[in-house]
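Residues per chain, in single letters:
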Amino acid sequence: MKKAPLKHRCSSTAQRRTAGKIWERIFLKTIFIACILFPCVLSGENALVIKREQGRNTRQTTSKTPSTKKAYAQKNSSKPPPKDSTNWQIPSEPSQTQMEYWVEIRMEELLENAGEEASLPAEDWEELLFERQSYRENPLNLNTVNAEELRRLQLLDEWQIQALLHYRESYGRIVHWNELTDFVPGFSAESLALLQTFLYLGPESDALEAGDLLQKGKHQILARYNRRLKPSKAFRERKYAGRPDNYYLRYLFNAQNRIRIGFSAQQDAGEAFGRQGFDFYAGYMALSQIGALQNLVIGTYRTDWGFGLHLGSGGGFYGGTQADLMLACGQGIRPFASGAEYGFLQGAAAEFRLGTSWKTGLLYSSRKRDGRFRLESLNGSRNPASILDLITSLPQNGYHRTETEIAGKQSLREQLWAWKLEKDFRTARIGLVLSTGTLGGIGNPELKLGNGNRTPLSHASAHRESAASLYYQWLIGHLHLYGEASMNFRRDYAFLQGVQWKPSENFALAARYTHYSPTYFVLYGDCPLSRPMTNPKEGKQKQRFEWQMLALLPKGLRLELDGDLGIERKALALPVQSYSLAGKLAYSRSSLDAYLQFSYGKSLSRQGHSIRADFSYLLPLGFFGESRVECRNFTDGLLLMQDFGYTIPDNRLKIRFRLAVFQTKDYMSRIYAYEHDVLYGSSISALYGKGLRFALNCRYEAFRWLVLELKYAHTLQDGVQKTGSGDNETEGYLLPEIKLQARFKF
């Protein structure tokens, strides 16, 4: 028996509307899938067109002059035979457009690996991007760069660094980039393309007079403004002291990475301008690689000695294109002028070379940091016995908007002294770090209470923290071992042990185990506690095991697997476990990067899995795009995302827009998506509910000395009257925001 036509079966208006919506959804999904597949096919058809353009747009740094050809030929006569590599390859002399495309893709991967769920704050993202861009505009000399500078780039693994330095010591100056891919183990065409962005082929000696350095220095001024165009509940009810505007100003002078001067000022949304102007300031003057002086910073700076347990900014991922393996490597002293109002020291620090194999470092820091206190204890006692008995937490968000936040602003004096001694061997290094510091005590500022009174916290006894740590790093053939053990004066301890195994250029495996005792705390390091604790029952023991695997497959395929297991245990309580497992299969060719990713995890906040398919492609005539499909727990969440962009031939104008359609069951099923921003800025959007996300980025180089950037974005949620919760609650279903930036170069 045949079914009646649809119009006869829909006997009511409601049924006709339902059928219309079904066909409308089918049509929209078909169009979106076509938008994803069409550019991928088009990029394959135009691969030959792009390859023809490479010969006309090669970089000047990779061209062989007659003199370099002769020197290259003479050196090749005494060098080992070219290595046999089956790594996936990219043309060794890419066009400028492709070079920018590859660098952007790899930098996006680096940022997403740092933590999609905002485990890395936006200000730290900015500092990471700022450092990368600084090296792009002031590249290092490949023939004089040392191991510390190569580790700081975070593009090469330890095997590649040692192989490069050994090759340079054995055969002298490198005269052509192809020497790396032909003779040095571990270097592929892709790693070569990235290195050409941050290094250059220079002489074996970079000795310059101070006057010449200053003349070749580059100045940069960055001014940024951003605001959410709809005020939240806290602004409507005037809970915040300031306006919903965010201002950021930064100045940088760089003379070939030898002399650097920086300054920054920031005002967060909701903070009021006071007598000092901006809410936060940072600045420094830094000298590098001048005789026995390795680094000297006066002002604000960060220090990474060891692997983060004792004196450093904490854990992280480190690796290159050949092995994206975990290693929170010691990057030494680095100048700091970010908008982040935490994780830095203020004073002076220096590192020196003692002969050819010994290094030492000294630092002193004195700064004021935010604190939260037990107000009932403060009101009841004008002379508290110990500063530790009054502290509830040491916040690190840097916000000073409400009365409580303003009262705790810079209310604690923190001082720190530290000393480092390190011995370098050919394939190993070992180091010792000693530190002592105080919190509070003489010189501590007075705390303003809500009733207008002041409590002289300097009368409370200071809390002293002293600690010592040993760290090591050892490269044994295909194995790379590293670790650190730290203990404070209360005998609370923490230790870290890691291993990397790389049997070939196409396979690498890494694992790391970290353990913290219940009350382990240091003033400037990676510890799970937010304040010092003396009672073991208040603390928590924390253990974490992490592993990663990378395999380079034929035909441009790359397989990545990683996972972690964390255990937290409090006294008289059951242990709490969190774990994650992720896999990624990636494919890369001259004009297409694609990957399929699966992840599953359980944490204190949520549990579930996600599947993602992503395609990034470079099209002819300056067009490019990215397409993504992602689902959360199969039916709990769905994201369809499409990016398109255009760059004019002289690269003075670049436009990129995004349209993302999402639908999730609730906030626990939210989906994160990395979003392009203005230069030195980045963001990860948390999408939940039902709606769409639109973003427009525009970059225009008005003059050689002026670059203007604009970003407009809004999130439109369907079927809601309010978005957000608490003080962040906003009326309506539309959340628009705007960001403007001007960059001056001279």
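Because the structure is a prediction, the values reported are computed rather than measured.

## Remarks on the overall build of the protein chain
- The secondary structure content of the protein chain amounts to 14 helices and 35 strands.
- The buried share among the 746 residues of the protein chain stands at 51%.
- Residue pairs at least 24 apart in sequence account for 62% of intrachain contacts in the protein chain once pairs closer than 6 positions are excluded.

## Considering the confidence of the model for the protein chain
- Overall, the predicted model of the protein chain reaches an average pLDDT of 78, with 74% of residues at or above 70.
- Contacts from residues 1-14, a stretch scored under 50 in pLDDT, to residues over four places away or in other chains number 8 contacts.

## Regarding the packing of aromatic side chains
- What the rule picks out here adds up to 21 aromatic pairs.
- Residues Phe235 and Tyr240 carry aromatic rings whose centres are separated by 5.0 Å and whose planes lie at 85° to one another, so their mutual orientation is edge-to-face.
- Judged by its relative accessible area of 19%, Phe235 is buried.
- Considering the side-chain rings of Phe278 and Tyr281, the 6.2 Å spacing of their centres and the 80° angle between planes classify their relative orientation as edge-to-face.
- Feature note: the residues Tyr225, Tyr247, Phe263, Phe273, Phe278 and Tyr281 constitute an aromatic cluster, connected by ring pairs.
- It is Lys584 that lies over the ring of Tyr595; its NZ or CZ is 4.2 Å from the centre.
- Over the ring of Tyr667 we find Arg670; its NZ or CZ atom is 4.4 Å from the centre of that ring.

## Some points on a nonpolar patch on the surface
- Taken together, the side chains of Trp474, Ile476, Leu479, Val499, Trp501 and Leu509 present a nonpolar region at the surface, about 480 Å² in accessible area.
- Mapped onto the nonpolar patch, the elements with two or more residues apiece are strand 17 (463-476) and strand 19 (493-504).
- Leu479 sits in the partly exposed class, given a relative accessible area of 35%.

## Observations regarding helix 8 (residues 158-171)
- With 14 residues, helix 8 extends 20 Å between its outermost C-alpha atoms, agreeing within 8% with the 20 Å of an ideal straight helix rising 1.5 Å per residue.
- With 10 of 14 residues buried, helix 8 is to be regarded as a mostly interior element.
- Of the residues making up helix 8, those classed as buried are Glu158, Trp159, Gln160, Ile161, Gln162, Ala163, Leu164, Leu165, Tyr167 and Arg168.
- Among the structural elements, helix 7 (147-153), helix 9 (178-183), helix 10 (189-198), strand 17, strand 18 (479-488) and strand 19 are those in contact with the buried residues of helix 8.
- One side-chain oxygen of the residue at the start of helix 8 lies 3.1 Å from the amide nitrogen of Trp159, identifying that residue as Asp157.

## What about the nonpolar core?
- One finds Tyr301, Trp305, Leu311, Leu363, Ile391, Leu412 and Tyr520 to be the most contacted residues of the largest nonpolar core, which totals 41 residues.
- A per-element tally of this core places strand 13 (residues 412-424) first, with 3 residues.
- If you look at the next biggest cluster of nonpolar residues, it comprises 24 residues, including Leu140, Val145, Phe198 and Leu199.

## Looking at unusual backbone geometry
- Although it is not a glycine, Lys555 sits at a positive phi angle of roughly 65°.
- Here Lys555 is to be found in the loop between strand 21 (540-553) and strand 22 (557-570).
- Not every positive phi belongs to a glycine, and Leu621 is a case in point at roughly 65°.
- Relative to the helices and strands, Leu621 resides in the loop between strand 25 (607-618) and strand 26 (623-632).

Reading the values: the criteria
- Residues numbered from 1 in each chain as written.
- Predicted model: local features only at pLDDT ≥ 70, side-chain atom pairs only at ≥ 80, totals over all residues.
- Heavy atoms only, no water.
- Helix = DSSP H or I, 4+ residues; strand = E, 2+ residues; numbered from the N terminus.
- Buried < 20%, exposed > 50% of the residue type's maximum accessible area, 1.4 Å probe, protein only.
- Contact = heavy atoms within 4.5 Å.
- pLDDT = per-residue confidence, 0-100.
- Phe/Tyr/Trp six-rings, centres within 6.5 Å; stacked < 30°, edge-to-face > 60°.
- Lys NZ or Arg CZ within 6 Å of the ring centre and 35° of its normal.
- Patch = residues over 30% accessible without salt bridge, like charges linked within 9 Å, V, L, I, M, F, W, Y side chains within 5 Å.
- Areas by Shrake-Rupley, 256 points an atom, 1.4 Å probe, with all protein chains shown as cover.
- Salt bridge = Lys/Arg side-chain N within 4 Å of Asp/Glu carboxyl O.
- Expected span 1.5 Å × (residues − 1).
- Polar contact = N/O pair within 3.5 Å; in protein donor to acceptor, adjacent residues only side chain to side chain.
- Core = buried A, V, L, I, M, F, W, Y, C linked by side-chain atoms within 4.5 Å.

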